[in-house]
Amino acid sequence: MRAIYPDARDTDRVLDDVVNQSLAHDHRHFVVRSGRIVRYHPLVAGFIGHPPDITTEDWHDLTLLVPAGVQFTLRDLTRPPEAGFSVVARHVAVQMTGEHVNPPPRSTTGSPRIEKLTPDDVPEMLALVELTRPGPFLRRTIELGGYVGIRHEGALVAMAGERLRPPGWSEISAVCVHPDHRNRGYASALVTAVAAGVRDAGRVPFLHANGLNENAIRLYETLGFRHRRTVTLTALRAP
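Definitions and limits used
For every chain, the first residue of its written sequence is number 1, and the numbers climb from 1 along that sequence. In keeping with the model being predicted, local features are shown solely for residues with a pLDDT of at least 70 and side-chain atom pairs are shown and tallied solely at 80 or more, while totals for entire chains, interfaces and linings include all residues. Side-chain calculation: all heavy atoms of the structure are included, whereas hydrogens and water are not. Definition of nonpolar core: a set of buried residues of the types Ala, Val, Leu, Ile, Met, Phe, Trp, Tyr and Cys, connected through side-chain atoms within 4.5 Å. Exposed residues in this analysis have more than 50% of their type's maximum accessible area, buried residues have under 20%, and partly exposed residues fall in between, with area computed by a 1.4 Å probe over protein chains only. Note on conventions: DSSP H or I runs of at least 4 residues are helices, E runs of at least 2 residues are strands, and numbering of each starts at the N terminus. Should any heavy atoms of two residues lie within 4.5 Å, those residues are considered in contact. One bridge is not enough; two strands pair if DSSP finds at least two bridges between them. As a rule, the C-alpha atoms of each element are fitted with a line to give its axis, helices using only the stretch in contact, and angles between N-to-C directions run from 0 to 180 degrees. Starting at the helix axis, one direction is taken to each C-beta atom, and the arc is that of these directions.

Draft legend 1. Examining the nonpolar core more closely. Counting residues in hydrophobic clusters, the biggest one holds 25 residues, and the most contacted among them are Met-96, Ile-172, Val-175, Val-191, Tyr-220 and Phe-225. At seven residues, the largest contribution of residues to this core is made by helix 5 (residues 186-200). Discounting residues that sit within four places of it in the chain, Val-191 has contacts with Ile-172, Val-175, Tyr-220, Leu-223 and Phe-225.

Laid out in structure tokens, this is it:
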């Protein structure tokens, strides 16, 4: 199926609010809600959707959805948190869209074999994430879909998959390669493979990269992703 590109007028509305948009549509079966605050089931993902103007009532609802002492992240927070919530860190992510991502290269001798990952692979996936730290990945994150990997002598050494899914779009995430197997083109092969699956489903790929990870950003640019905007992420700890 050819990608059905979202109406340009809807892009800002959808991609500026990806958690709310995902949980209101394709991922609504994962939603946990309190008032205007929504989050993914805590075993699937830690992402929280919130209105831009967080009120005292919203902060109270956050305490109902996030256990005491647990760290969580809010997107583009414009005001200081209310008493009891502590700021752990802030960092900037680059949101990139893949309307023109290059297609995966034709298979050639020596190209890595990419395989679909299943729930049986989760222990190995968690171990690879723990080693490489690509971002949050939990025991049920694989249910968000599209995870593929590369093995070397039977061991999982690289993977990537899909995460947030706002209308018309699908986020590529958990792109990671074991340190002993880098510089072999595995990340490029996996990202283009996941992007092809996204396009075949009629959606458009996008992703987020750490604003300080110049190597990752350069790789994604090479594959055809373009910068859309920067996003400020604030990590907080619940009272």
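Draft legend 2. Molecular detail of the sheet that holds strand 2 (residues 37-40). The sheet built from three strands is open, its strands ordered 1-2-3 with antiparallel pairing. Two strands close off the open sheet at either side, each with one partner strand: strand 1 (31-34) and strand 3 (48-49). Here strand 1 pairs with strand 2 via four bridges, running antiparallel. For Val-32, the partnering residue across the bridge sits in strand 2 and is Arg-39. Docked against the sheet, helix 3 (residues 56-65) engages strand 1, strand 2 and strand 3, running at close to 25 degrees with respect to strand 2.

Draft legend 3. Focus on helix 3. Regarding helix 3, the residues found buried are Asp-58, Trp-59, Asp-61, Leu-62 and Leu-65. End-on view of helix 3: buried residues confined to an arc of 155 degrees, all on one side of the axis. Those residues of helix 3 that are exposed and aimed more than 90 degrees away from the buried face are Glu-57 and Leu-64. As for helix 3, its buried residues are in contact with strand 1, strand 2, strand 3, strand 4 (71-75) and strand 11 (226-237).

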